[in-house]
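# Analysis of the macromolecular model
One letter stands for each residue in the lines below.
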Amino acid sequence: MTDQNKEPSANGIRVVFVGPPGVGKGTQCRRISQYFGVPHLSTGDMLRATDPDSDFGKLVRDCIDDGGFVPDYVAMRMVIQRLRQPDCANGFILDGFPRTLPQAEMFDEHLAGQGMRLECVVYLTADQETLHQRLRRRFELEGRPDDSADAIQPRLELFTELTQPLVQHYAALGVLNTVPGIGPPDEVFDSLLDSLNTRR
Ligand code: ADP
């Protein structure tokens, strides 16, 4: 049974989601964002929303379509600008940022400068076979270039190499919560709510 009818928190929440491509971060972040009434900030969505005919949009697609990352400062600047919007005053759900250790360290510093800290980092996990299957299915449904067969493996490797070190980083800060992303979306959502509610 889901807990979706529970009253949203009035206190806001600042959460980062970390997880490999295909683990279901986007789906779960959207639901968590609705539940807590704070915006869902997906850097992947923001990058895909850039004008493909602009110089910046072309640079972004050159970086992401074959499964690579945009430079750290590009991601950082985009997120900082977005966090200045009034709808973020009460918190945010960050999906896809930070994605590298330098981004995480810059972000920690930025928050500390504002007298804030992350309350919780969720690490959503799934086995490699499940991730491959989900990404193949998403490619059939949505046709995202970075979900193509050629781009899937490099993306999973880039996750292991550049993003997974965040898990140790946030564990050392005492804010890490690991939640399995396997099973029906409603069950994953319930596990996430449990872990977020016990954290806060
Ligand atoms: P997924 O979580 O399935 O990998 P996203 O939609 O979160 O996909 O991101 C799509 C792509 O956008 C990433 O593969 C990467 O190229 C780029 N991207 C998103 N966030 C960042 C970031 N914080 N730093 C660098 N590149 C990013």
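These figures come from a predicted structure and were not determined experimentally.

Here we come to the site of the ligand. Taken together, 20 residues lie around the ligand, and Lys25, Thr43, Arg48, Gly68 and Arg99 are the ones closest in. Contact between the ligand and Arg138: an oxygen atom at 3.1 Å from a side-chain N or O atom of the residue. Contact with the protein chains removes 97% of the 540 Å² of surface that the ligand exposes when unbound. Per-element tally for the shell around the ligand: the top contributor is helix H2 (residues 43-48), with 4 residues.

The next point concerns helix H6 (residues 128-142). Under the 1.5 Å per step criterion, the end-to-end length of H6 is 21 Å for 15 residues, consistent within 8% with the ideal 21 Å. Note on H6: the residue one or two positions beyond its end, Gly143, has a positive phi of about 70 degrees.

Our next topic: the packing of aromatic side chains. Scanning all chains against the criterion turns up 4 aromatic pairs. Judged by centre distance (5.3 Å) and plane angle (80 degrees), the ring pair of Phe97 and Phe107 falls under edge-to-face. Here Phe97, found in the loop between strand S3 (91-95) and helix H5 (101-113), pairs with Phe107, found in helix H5; they are 10 residues apart in sequence, far enough to count as distant. Residue Phe97 shares its accessibility class with Phe107, and that shared class is buried. By way of ring pairs, the aromatic residues Tyr35, Phe36 and Phe189 are connected into one cluster.

Rules used in this analysis
Residues numbered from 1 in each chain as written. Predicted model: local features only at pLDDT ≥ 70, side-chain atom pairs only at ≥ 80, totals over all residues. Heavy atoms only, no water. Near = heavy atom within 4 Å. Polar contact = N/O pair within 3.5 Å; in protein donor to acceptor, adjacent residues only side chain to side chain. Areas by Shrake-Rupley, 256 points an atom, 1.4 Å probe, with all protein chains shown as cover. Helix = DSSP H or I, 4+ residues; strand = E, 2+ residues; numbered from the N terminus. Expected span 1.5 Å × (residues − 1). Phe/Tyr/Trp six-rings, centres within 6.5 Å; stacked < 30°, edge-to-face > 60°. Buried < 20%, exposed > 50% of the residue type's maximum accessible area, 1.4 Å probe, protein only.

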